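Structural overview
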Amino acid sequence: MSKQYETVIGLEVHVELATKTKIFCGCSTAFGGAPNTHTCPVCTGMPGSLPVLNKQVVEYAMAVGLATNCEINQFCKFDRKNYFYPDNPQNYQISQLYLPICHDGGIEIETAAGKKVIGIHEIHMEEDAGKLIHDEWDDCTLVDYNRSGVPLIEIVSEPDMRSAEEVIAYLDKLRLIVQYLGASDCKLQEGSMRADVNLSVREVGAEKFGTRTEMKNLNSFKAIARAIEGERARQIELLEEGRAVVQETRRWDDNKEYSYPMRSKEDAHDYRYFPDPDLVPVVISDEWLQAVKDRQPELRTEKLERYRKEFDIPQYDAEILTGAKKMADLFEETTALCGKPKKVSNWLMGETLRLLKEEGAEPDALAFSPEHLAKLIELTDAGTINQTVAKEVFEKIFREDIDPERYVEEHGLRMVSDEGLLRAVVEQVIAANPQSVADYRGGKDRVLGFLVGQTMKQMKGKANPGAVNQLLRELL
Amino acid sequence: MANLISDETIEYVGILAKLELSEEEKEQAKQDIGRMLDYVDKLNELDTSGVEPMSHIFPVHNVFRDDVVTNGDDRDNLLKNAPKVKDGSWQVPKTVE
């Protein structure tokens, strides 16, 4: 009988914080500037420059720590992690080793197997590194320090996960928490959230952990799931062949679905951490901690509960709406304007999700204003436009955030209910479709829909469908 | 001198610090580091039980900046410090992951 193996996974998640400036200098963190235009002597590691801590970084780190049930170290400080690589101009990264800001927390995840708490070992603050671009032409490397010094928090989990499913559930939950706090947009593709996977396997029932590897370069949930499956299989194969797993850092190649050891010529893994003498300790008073606690926004679990009480919408809808901060914000803001939660939910759950799917976009990409959706709902409810036109106008709102009122006027899309006008068109349609008329009279009720459609077409979709129906029944 | 530094240790510390030392310099470094460790041993003789470990030599804490952009684009000036420049970037020898 073959052996049964268990996968043991811990994650190191790096999150880029949503501050306007870098962690230790007043340079902008804006994404996409021309190379090195957001740099100064501090973030390019010039001798004699002095880092000064961005207070907002401490507040975001505290907020994430509180939301993930961590203890806050009210006395914390920064240390230097020494390594030589051109993305790191100081030859050390400022991080926290001895007294990280948060420790011993955990979040609850839910998978098909039920609920489970994943422990959080610690959360620390640190700075990001610059970006290296390989120049094929001159066979050299170009360094852009715009990202050097962008604030990060690293969230280190306990080795509590046992499957890709649990890992995804944990990341999803963590991402939602951080997004709800406004501490980061957490976009895996753009690198504002990055996960390194520490994985080992052991025989079921074994007490000791197996030797683990660390996998990097995972930039989507799907890649993470595939990398976990791939690495698990690789390690089991080694063990079955009687060979040992080597503790090393591996790079996942999502196209080849295989991980490769990262070449680490002089990587001695000896970072010689020591306290950074340029930075003084951070003391978090009880008052400061309380102030951050009082400012914590409503998180998803509480929001779900409130939606259930406040709005008459199905549980399923509430779960989808609160599943992305952007959707929940749009829902609440639009509802506040028009007071019709059910209708707002319908537009978001229906057309919005459909159009997002069509474009392969995430809810974060939604850019229309709640005012315009609220107006559209009012226009439809007042009978100014019919449902067909409303869908067409919504697509315009979704893509270009147009003002529906003005758009309807400019394009003459008001619903036509004028009986005289509609009667004339319906008569025309009846005259033009003798076969359908005969079928209807012969008992084929379904043909009515076709005739309504023909009338609508003549009216460019603007007719009052109720009135058309009634007229057709009357005239046939 | 109580603390004797082995050749291997000096070699290793040299690699970590990216220093290439001559035989003479290695001997000198062994002496220097040995004396530093002797000094630490001396300090360790002190009874520090009940003394809170120090985190910083100045009795100062909570020096912060507000999250406001204060720096503009000073690229040209900064790049004057680069040994080589290309396309607005610092040019370095090829790095391989």
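The structure we're discussing is the one just above.
Residues numbered from 1 in each chain as written. Chains lettered and ligands numbered in written order. Predicted model: local features only at pLDDT ≥ 70, side-chain atom pairs only at ≥ 80, totals over all residues.

A separate point is the overall build of chain B. The helix and strand inventory of chain B stands at 3 helices and 3 strands. Computed over its C-alpha atoms, the radius of gyration of chain B comes to 22 Å, more than 25% above the 13 Å expected for a compact globule of 97 residues. For chain B, the spread of C-alpha atoms along the principal axes amounts to about 55 × 45 × 25 Å. The proportion of buried residues among the 97 residues of chain B is 5%. (Helix = DSSP H or I, 4+ residues; strand = E, 2+ residues; numbered from the N terminus. Rg over C-alpha atoms; globule rule 2.2 N^0.38 Å. Buried ≥ 20, exposed ≤ 12 C-beta atoms within 10 Å, placed from the backbone.)

With that settled, consider the environment of Asn 73 of chain A. All names here are of chain A. With respect to the helices and strands, Asn 73 occurs in the loop between strand 3 (71-72) and strand 4 (75-76). For Asn 73, a count of 20 C-beta atoms within 10 Å gives the class buried. Considered as a pair, Asn 73 and Gln 315 are 242 residues apart in the sequence and their alpha carbons are 38 Å apart. Filtering out sequence-adjacent residues up to four positions away, Asn 73 remains in contact with Leu 99, Pro 100, Ile 101, Cys 102 and His 103. (Contact = placed C-beta atoms within 7 Å.)

Turning to the interface of chain A and chain B, a few remarks are in order. If you look at the interface, chain A gives 44 residues, while chain B gives 36 residues. Within the residue set of the side of chain A that touches chain B, elements represented by two or more residues are strand 2 (53-54), helix 1 (55-67), strand 9 (131-135), strand 10 (140-144) and strand 17 (282-283) of chain A. With 5 residues, strand 10 of chain A is the largest single contributor of residues to the side of chain A that touches chain B. Relative to strand 3 (residues 89-93) of chain B, strand 10 of chain A runs antiparallel, the two being bridged by 4 bridges. (Pairing = 2+ DSSP bridges.)

Another point: the sheet that holds strand 16 (residues 274-275) of chain A. All names here are of chain A. With antiparallel pairing, 3 strands are arranged side by side in an open sheet as 6-5-16. Pairing within the sheet leaves two strands with one partner each, and these edge strands are strand 6 (92-95) and strand 16. As defined by bridge partners, strand 5 (residues 79-82) adjoins strand 6 across 4 bridges and the pair is classed as antiparallel. Across the sheet, Arg 80 pairs through a bridge with Ile 94, a residue of strand 6.

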